[in-house]
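Listed below are the residues making up each chain.
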Amino acid sequence: MTAYVLLEDGTRWDGEACAAPGPAVGEIVFTTGMSGYQESMTDPSFAGQLITFTQPHVGNYGASAEAMESDRAHGRAAIMRSAVNREDAAGATAGWLDWLADSGVAAITGVDTRALVRHIRERGAMRGGVFPGALDEGRARELIEAEPPMEGRDLARDVSPGEPIVLDPDAPGPRVVALDTGIKDSIVRNWRERGVRLELHPCGASASALLAREPDAIFLANGPGDPAALDHVVATVRGLVGKVPVYGICLGHLLLCRAVGLETYKLPFGHRGANHPVKDLATGRIDITSQNHGFAVVGPDGEGTIAADEPVRWETDFGVAELSQLNLYDRTVEGLVLRDVPGAAVQYHPEAGPGPHDANHLFDDFLAEIERA
Amino acid sequence: MPRRDDLNKILILGSGPIVIGQAAEFDYSGVQACKVLLEEGYEVVLVNSNPATIMTDPEFADRTYVEPLLPGPVTQVIARERPDALLPTLGGQTALNLAKTLAEDGTLERHGVELIGADLDAIRRAEDRDLFRDTMVAAGLRVPRSVIATTLDDAGAAREELGLPIIVRPAFTLGGRGGGIARTAEELDEVAARGLKASPIGQVLLEESVLGWGEFELEVMRDRNDNVVIVCSIENVDPMGVHTGDSVTVAPQQTLTDRQYQALRDQAITVIRAVGVETGGSNVQFAVNPRTDEIVVIEMNPRVSRSSALASKATGFPIAKIAARLAVGYALEEIPNDITRVTPASFEPALDYVVVKWPRFAFEKFPDVDDGLTTHMKSVGEVMAIGRTFQQAFGKALRSLELDAPPDVPSDMDALLARLERPRADRYAVLLEAFRAGASVDTLHELTSIDPWYLRELERFAHAPDGDFAGARTFKSVDTCAAEFAATTPYYYSAWERPGPSGARGEVARGERPSVVILGSGPNRIGQGIEFDYCCVHAAMTVRESGRDAVMVNCNPETVSTDYDTSDRLYFEPLTLEDVLGVVEVEQPEGVIVQFGGQTPLKLAAPLAQAGVALLGTSVDAIDLAEDRRRFGELLARLGYRAPPYAIAQGLDDAVEAAQSVGYPLLARPSYVLGGRAMEIVYSDDDLRAYLARSGAAHGGREIYLDRFLERAVEIDVDALCDGEEAWIGGIMQHVEEAGVHSGDSACVLPPHSLGPEMLAQVRDQVTGIALGLGVVGLLNVQFAVVGEHLYVIEANPRASRTVPFVSKATGVPLAKLACRVMLGEPLSALDLPTEANGDHVSVKEAVLPFDRFLGSDALLGPEMRSTGEVMGIARDFPTAFAKAQAAAGAVLPQSGTVFITVTDRDKDSAAGIAAQLGDVGFRIVATRGTARALSRMGVRCDSVNKIAEGSPHVVDLIEGGEVDLVVNTPTGSGARTDGYEIRRAAVARGIPCITTVSGAFAAARAIISARAEGPPVLALQDVHRGAVPEPQPR
Ligand SMILES: Nc1ncnc2c1ncn2[C@@H]1O[C@H](COP(=O)(O)OP(=O)(O)O)[C@@H](O)[C@H]1O
Ligand SMILES: Nc1ncnc2c1ncn2[C@@H]1O[C@H](COP(=O)(O)OP(=O)(O)O)[C@@H](O)[C@H]1O
Ligand SMILES: [Mg+2]
Ligand SMILES: [Mg+2]
């Protein structure tokens, strides 16, 4: 059965439907990771997005429980060059296409994904959809128009838990209270492996409710959407900074930055993949990192990028913030530390899942700081 | 940390001749390194014995020594040049071993030379298998269990411990020679015995088998700041048990989950840190059991390798170039990625396409050799193909292979399945046929252990080879980043896609300048090697200098031509008509050059012309005139030049009749193959019948060529330039071996050492006559045979020949570049050609044969070419140059000891002369009874030894016992298992020089006699070309 991808600028890419037929609309993004398709699809940060895989073969080793980054698929569609439904791979519990279909994810294969990605690179990430071939293009256009643009979208609410979840209450480590804006299982696993008493709280939880948990640290998770649309969460974080150490990853990084008064902006087509070099400005160490974000922090001079490999400083509402990590690909901010109050965050994904483990030490670093505080 | 200013002069070691397991990839890597170091302002000194390399072009180093890669000559170079550092990681195993020797014997320290790129300890930890396992275990990694054995009893005991099958690895043999897989107790006895014998210290390592597990390679780079990146993952479609060099491989890996892949990535990083390679690239090999997630480390190479060249071509990440920068102090983050320009080298390429590498084998040339694939490498070349999907890449790789004939595959299911029980060179053809015959993925997985994902793709491919080629051809670029950033380096591949907004030209950024398309030579194979790539690279340089865009089309990942730096635009494509036309369509070139890539592009000349494509240089008709036996015969007759009498026959009876008119002995060959394939000398009707029956040359009424075989003729090779009006002789080479030994396998001398001025004048005249008669515009190679006073034309090739690089190195005149200028329209008169190119030095080219890799093959030279590579020796006089060439080829001539001689009756007189000379300088002479009698009659003192049939101790015992230092054996009749065969086999196995022609033996004797203890003085090419060869010092 045929299907097509239509972008809001009217360009169309044909292929074949291979799971749920669609229509599925949202922001079309691409990831350059060469493995870990299921991890990406279940990463809550992809909520509201249609994922184009640049790796042409997808589904090669099937789908399995261990590759889940949350309890369900969050990407709305998979756009692929050549997808297979392999069921007999070692460790697989289902074929990839069956899994997509069961998860209600629209999927299209046979698409010239490279041409599509080049288009997005040149024009920027935009709204679009995956539609069954039989669906009239005019109708498809209306559906796309009806979808709100990513800028200004609060999607965290949709992926946040309804009730607090307390994990390992008897673990020996510090109590880390996470504001769950769509946390990945890999992050949860990393904290738990380190003996942390982790709690996941709805993103609407108030600062006082969180402080009432007597946390040793607050953790701001990854998640979908535009940080600028999460003023309610930002306000919560503002109420925490300076009172307890605050750490963040990805969306959490953006929220912490906004909470201390820094600006964020939308990247033209985001960072999604497993190969971005990030330099730690204190140690000179370069980690190859897993990335998945569409927004970034504005530098101290008001620019989106940082000119020199130096720990430049921002004056924030909570004192000085210092650039700690820099993306060597496009020189965007990848992490900062608060100098006058305890807190730090990174834009990339030290938990990997999918992607390289280079930056995994970051959990140890955070933990050491928490234990010191 | 930026460039090291404490270093000024850096010594680089090349890898020497092309041999199985060490091919053009080291020229590619070496050229990149030389270029980078020169750019960085270092003085570069290079040693490499291989004249067919681009790296030994004088402009790629300040001082270029075409000398044997042996401690003696390299020590001389060090003493003379006093480099500050030695970079040993670019010349394969050869350079690494040599560097290790020079470090261990104190040479480097004595001369204050620092090893950069990898230090001695790191080299040891990686190369010494014992030390490596200890290092891995200490780092918490798993390696296969193993036991060291020095006797068969040890081996039996190990069997209990390890269980069968067992991998046998002889200690200290190159490239796993003499090792293998033992699946049964009997096989273990056999393989272990062979391995113990092959090992110079009589020791083998018996290793736990992980046959059938997945085999994966990761290319890792590390810098001084301990930052590490993985450039590429490579998955072997053939599971463990088939050497990676012989496996079909895919990049990036396709079947591991993210968790499994990241585990490999973590381990690869642990390995490079544990081994302690401080800067540069390494290749780490793993075996993975996908069912259990078990991983074992197989080996690591602390240097650039075949796989790193492949990874570079597959990703656009130039590993060698970056390794060279890292070695002189830079960090990864300080080096820009050439392709995106905006990103640093400290990143990992993301691929949005699939790369397939296919090995190319040459078993047809070694009929006695087992074509089973095992733990040591047997392929002689490879192709790489890039596709948007596995099937596209696989299909393109198949097209790139250019097999002479499709593999002979059985048709019934049982036979097909039986054939898959052991991996063989033709396994994919068999696999595809089995799918067509209805075999299931499960059955074939059971048999081959190939991952079902690949099997399913192959199944679909078997049923619909064009399935994934639906849609329209469009060109996409290799950009290291899956289109995340704009690429500036134009490196393209064709993809078949649903037509989208981009159109056929796809991503090709073709400016306004006119372009010239140069067709490369495809996979390296015996008969068409790196020499042709050398010529293509020179063509690209020349086209660029002329103000046009040079466009390269080739599919060989090993080569310099497929470095994206070599041309303005690189199309990584198969060299078939259809694929080339695809490139022509988007390029709209001024013309296409088919003269430099050997027979591969030449074959395309006529169809391209027919398709309306303009060819530069020699016309299609002129090519046909040279290649069509009848037309060429008529031309020679018209010019009044002699050629051996010949006939063209059809079928067996016709052949026997025609043979009478030509007269025996005859050289018989099928008309449809090239490169001396299936060519044989026959002495009688019976011989001829037997040959025709055996070779199938006359099957289906095909044409057979019969030439009178000129006995005891001196063969001459000439390379010349012609612009259609005028010809110029680039070099005349006299062969050391007589005609009948393929020109590619014969040693040759430039200038000729024993031809008179009249004969040379005649050669010049005839070459000029043929060049003008054919209407050559560009290069021409003519082969002659001289019998007495008479000159015979053997053949003329209107294209670059194998000897062009050798001649260019010997004379300093860049023939290929000049030819390219002629093809672009300049007359010879504009080229400023010297009248006589020969200086006061002698150059010798020697062929390097793969007999030591193909145990079981007969180490005899004949009209069918079997060498894989060549070396060059340069000196003031012929014997010295010959000795250097021999040493460089791996047959270091002894200066004392025992010579064993056994020759045919007709060679006995000559043998006596040789024996007398060697006897005079103190050699002990040993001969078989007949030869001994003849020698004694001529007054030469010698001992006689038993033939094999006469019982032990016989000659083979003597050789295997290490009592012989040189073997001279000319063949008596053909066929396997003769004494001659056994003698040659034993000599090859022990690495003893074995000379099989009288002329070769004479040259060797002269070389031995004129040799001196300290070895001949080393010469830099830059001095040789200036005519500044130092006078020999008095003895
Ligand atoms: N323990 C083993 N079990 C099965 N196959 C093996 C084992 N070790 C090596 N091999 C096979 O032999 C090949 C050559 O071994 P390797 O150690 O890589 O030597 P080389 O130095 O020649 O590359 C490998 O590519 C692999 O396919
Ligand atoms: N008529 C002949 N007499 C003696 N040797 C010959 C004759 N013809 C060819 N040869 C030998 O056979 C070799 C290969 O033959 P050639 O015609 O050059 O084929 P190829 O196309 O493989 O180069 C030559 O290099 C030469 O040594
Ligand atoms: Mg290996
Ligand atoms: Mg020839």
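Data block above holds the structure.
The structure contained in this document is the topic of the report that follows.

The rules behind each value
Residues numbered from 1 in each chain as written. Chains lettered and ligands numbered in written order. Predicted model: local features only at pLDDT ≥ 70, side-chain atom pairs only at ≥ 80, totals over all residues. Heavy atoms only, no water. Helix = DSSP H or I, 4+ residues; strand = E, 2+ residues; numbered from the N terminus. Rg over C-alpha atoms; globule rule 2.2 N^0.38 Å. Buried < 20%, exposed > 50% of the residue type's maximum accessible area, 1.4 Å probe, protein only. Areas by Shrake-Rupley, 256 points an atom, 1.4 Å probe, with all protein chains shown as cover. Lys, Arg positive; Asp, Glu negative; His and termini not counted. Charge placed at Lys NZ, Arg CZ, Asp CG, Glu CD. Contact = heavy atoms within 4.5 Å. Buried area = accessible area lost by both parts, 1.4 Å probe. Salt bridge = Lys/Arg side-chain N within 4 Å of Asp/Glu carboxyl O. Donors = N, O, S within 2.8 Å, 3.2 Å for Na, K, Ca; no water. Axes fitted to C-alpha atoms, helices over the stretch in contact; angles between N-to-C directions. Parallel < 35°, antiparallel > 145°, perpendicular 65-115°, else oblique. Left-handed = near helix turned anticlockwise from the far one by under 90°. Pairing = 2+ DSSP bridges. Phe/Tyr/Trp six-rings, centres within 6.5 Å; stacked < 30°, edge-to-face > 60°. Nonpolar A, V, L, I, M, F, W, Y, C, P; charged D, E, K, R; others polar. Near = heavy atom within 4 Å. Polar contact = N/O pair within 3.5 Å; in protein donor to acceptor, adjacent residues only side chain to side chain. Right-handed = clockwise from strand over helix to strand, strands pointing away.

Attention now moves to the overall build of chain B. The helix and strand tally for chain B stands at 33 helices and 38 strands. Since a compact globule built from 1035 residues should have a radius of gyration of about 31 Å, the 28 Å found for chain B is in line with a globular shape. Summarising its shape, the C-alpha atoms of chain B cover approximately 75 × 70 × 70 Å along the three principal directions. In chain B, buried positions account for 65% of the 1035 residues.

Further remarks concern the overall build of chain A. Scanning chain A from N- to C-terminus turns up 10 helices and 20 strands. Relative to the globule expectation of 21 Å for 373 residues, the C-alpha radius of gyration of chain A, 20 Å, shows essentially globular dimensions. Here chain A has roughly 11,900 Å² of accessible surface; of this, 47% comes from carbon and sulfur atoms. Separation between the mean location of the 32 positive side-chain charges and that of the 54 negative ones in chain A comes to 2 Å.

Let us look at the interface of chain B and chain A. At the interface, 55 residues of chain B touch 53 residues of chain A. For the pairing of chain B and chain A, the buried interface totals around 4,600 Å² over both sides, and the portion due to carbon and sulfur atoms is 46%. Looking at the side of chain B facing chain A, the largest losses of area belong to Arg259(B), Glu484(B) and Arg498(B), adding up to 16% of the total buried there. Inspection of the region where chain B meets chain A yields 13 salt bridges. Across the salt bridge formed by Asp112(A) and Lys476(B), the nearest N and O atoms sit 3.0 Å from each other. Contributions of two or more residues to the side of chain B that touches chain A are made by β11 (228-236), α9 (258-275), α12 (390-401), α16 (452-463), β17 (472-477) and β18 (491-497) of chain B. For the side of chain B that touches chain A, the element with the highest residue contribution is α9(B), accounting for seven residues.

So, on to the coordination of the magnesium ion (ligand 3). In this structure, Gln285(B) (OE1) and Glu299(B) (OE) serve as the protein donors to the magnesium ion (ligand 3), at separations of 2.0 to 2.3 Å. Here the residue Gln285(B) occupies a position in strand β13 (residues 280-289), and Glu299(B) occupies one in strand β14 (residues 294-301), the gap between them amounting to 14 residues.

Considering all chains together, one arrives at 104 salt bridges over all chains under this definition. A salt bridge links Arg86(A) to Asp88(A); the nearest nitrogen and oxygen atoms lie 2.9 Å apart. Two residues, Glu208(B) and Arg145(B), come together in a salt bridge whose shortest N-O distance is 3.8 Å. Of the two residues, Glu208(B) is situated in strand β9 (residues 204-208) and Arg145(B) in the loop between α6 (129-138) and β6 (146-149); the sequence distance between them amounts to 63 residues.

Below, the discussion takes up the packing of helix α28 (residues 908-920) of chain B against helix α29 (residues 929-937) of chain B. Residues and elements named next belong to chain B. At their nearest, the axes of α28 and α29 sit 9 Å apart, and the two run at 70° to each other. By the criterion of interaxial angle, the relationship of α28 to α29 is roughly perpendicular. Crossing hand, α28 versus α29: right-handed. Where α28 approaches α29, its residues Lys908, Ala911, Ala912 and Ala915 are matched on the opposing element by Gly930, Thr931, Ala934 and Leu935.

So, about the sheet that holds strand β23 (residues 646-650) of chain B. Consider a sheet: its strands pair through backbone hydrogen bonds, and that pairing is either parallel or antiparallel. Residue and element names in this part refer to chain B. Ordered by their spatial adjacency, four strands build an open sheet running β23-β26-β24-β25, and the pairing between neighbours is antiparallel. Strands with a single pairing partner mark the edges of an open sheet, and in this sheet they are β23 and β25 (680-682). If you compare each strand with its neighbour and ignore which way they point, the axes differ by 30° on average. Direction of pairing for strand β24 (residues 666-670) relative to strand β26 (residues 703-708): antiparallel, over a ladder of five bridges. The residue bridging alanine 668 from the neighbouring strand is leucine 706, located in β26. Sheet strands touched by helix α23 (residues 685-695): β24, β25 and β26. Its angle to β25, the strand with the most contacts, is close to 150°.

All names here are of chain B. A complete count under the given rule lists 31 aromatic pairs over all chains for this structure. Note on tyrosine 491 and phenylalanine 572: the rings are 6.2 Å apart at their centroids and 45° apart in plane angle, and the pair reads as tilted. Placement of the pair is tyrosine 491 in strand β18 and phenylalanine 572 in strand β21 (residues 569-572), with a sequence separation of 81 residues. Like phenylalanine 572, tyrosine 491 is buried. Here the aromatic cluster, defined as three or more aromatic residues joined through ring pairs, consists of Trp358, Phe390, Phe394, Tyr428, Trp453, Tyr454 and Phe461.

A few words now on the coordination of the magnesium ion (ligand 4). Residue and element names in this part refer to chain B. Looking at the magnesium ion (ligand 4), the protein donor atoms are Gln783 (OE1), Gln783 (NE2) and Glu795 (OE), and they sit 2.1 to 2.5 Å from it. Within this pair, whereas glutamine 783 is found in strand β30 (residues 777-787), its partner glutamate 795 is found in strand β31 (residues 790-797), the two being separated by 12 residues in sequence. Judged by relative accessible area, glutamine 783 falls into the buried class, the value being 6%.

This part takes up the sheet that holds strand β36 (residues 943-945) of chain B. One open sheet holds the five strands; their spatial order is β36-β35-β34-β37-β38 (chain B), and the pairing between them is parallel. Across the chains shown, the open sheet's two edge strands, defined by having one partner strand only, are β36 and β38 (994-995) of chain B.

Bringing the packing of helix α5 (residues 120-127) of chain B against α6(B) into the picture now. All names here are of chain B. Direction vectors running N to C along α5 and α6 enclose 95°, while the axes themselves pass 5 Å from each other. Here α5 is positioned roughly perpendicular relative to α6, judged by the angle of their axes. When α5 is examined against α6, the residues Arg124, Arg125, Ala126 and Glu127 are found in contact with a partner set consisting of Arg129, Leu131, Phe132 and Thr135. Residue classes in the contact of α5 with α6 are distributed as three nonpolar, one polar and four charged.

Our focus in this paragraph is the site of ligand 1. Residues and elements named next belong to chain B. What surrounds ligand 1 is a group of 19 residues, the closest being Arg169, Glu208, Glu215, Gln285 and Glu299. Between ligand 1 and glutamate 207, the relevant distance is 2.9 Å, taken from a nitrogen atom to a side-chain nitrogen or oxygen of the residue. One of the side-chain N or O atoms of glutamine 285 is found 2.8 Å from an oxygen atom in ligand 1. Within the complex, 92% of the 550 Å² of free accessible area of ligand 1 lies under protein. Of all the secondary-structure elements, those providing two or more residues to the shell around ligand 1 are β7 (166-170), β9 and β14. Residue composition of the shell around ligand 1, grouped by class: seven nonpolar, six polar and six charged.

Turning next to the side chain of Ser561(B). Residues and elements named next belong to chain B. Relative to the helices and strands, serine 561 resides in the loop between β20 (549-554) and β21. With a relative accessible area of 0%, serine 561 lands in the buried category. One polar contact links serine 561 to threonine 559, side chain to side chain, over a distance of 3.2 Å. Aside from chain neighbours lying at most four places away, what touches serine 561 is Asp533, Val537, Met552, Asn554, Thr566 and Leu570.

Further remarks concern the environment of Pro827(B). In this fold, Pro827(B) is placed in the loop between α26 (815-823) and β32 (842-848). Residues Pro827(B) and Asp723(B) lie 104 residues apart in sequence; the distance between their C-alpha atoms is 5.9 Å.

Residue and element names in this part refer to chain B. Of note, proline 490 is situated in the loop between β17 and β18. Separated by 19 residues in sequence, proline 490 and alanine 509 have C-alpha atoms that sit 7.3 Å apart. Look past the residues within four positions of proline 490 in its chain and what remains in contact with it is Asp568, Arg569 and Leu570.

Residue and element names in this part refer to chain B. Within the element layout of this structure, arginine 853 appears in the loop between β32 and β33 (869-875). One buried charged residue, arginine 853, remains without a salt bridge, the closest side chain of opposite sign being aspartate 852 at 4.2 Å. Among the polar contacts made by the side chain of arginine 853, one reaches the main-chain carbonyl oxygen of isoleucine 20 at a distance of 3.0 Å.

Residues and elements named next belong to chain A. Of the two faces of strand β14 (residues 246-249), the one holding Val246 and Gly248 and the one holding Tyr247 and Ile249 are both buried throughout. Sheet topology note: the strand β13 (residues 217-220)/β14 ladder contains three bridges and is parallel. Within β14, the position partnered with leucine 220 by the bridge is glycine 248. Taken together, β13, helix α8 (residues 231-238) and β14 constitute a β-α-β crossover, and its handedness is right-handed. Summarising the sheet, β14 and strand β20 (residues 343-346) pair through four bridges and their orientation is parallel. From the neighbouring strand, glycine 248 faces β20, where its bridge partner is alanine 345.

This part takes up the environment of Ser743(B). All names here are of chain B. Position of serine 743 relative to the elements: it lies in the loop between β28 (727-738) and β29 (748-750). Separated by 605 residues in the primary sequence, serine 743 and alanine 138 have C-alpha atoms spaced 53 Å apart. Setting aside residues no more than four positions away along its own chain, serine 743 makes contact with Glu715, Asp717, His735, Gln783, Arg802 and Lys845.

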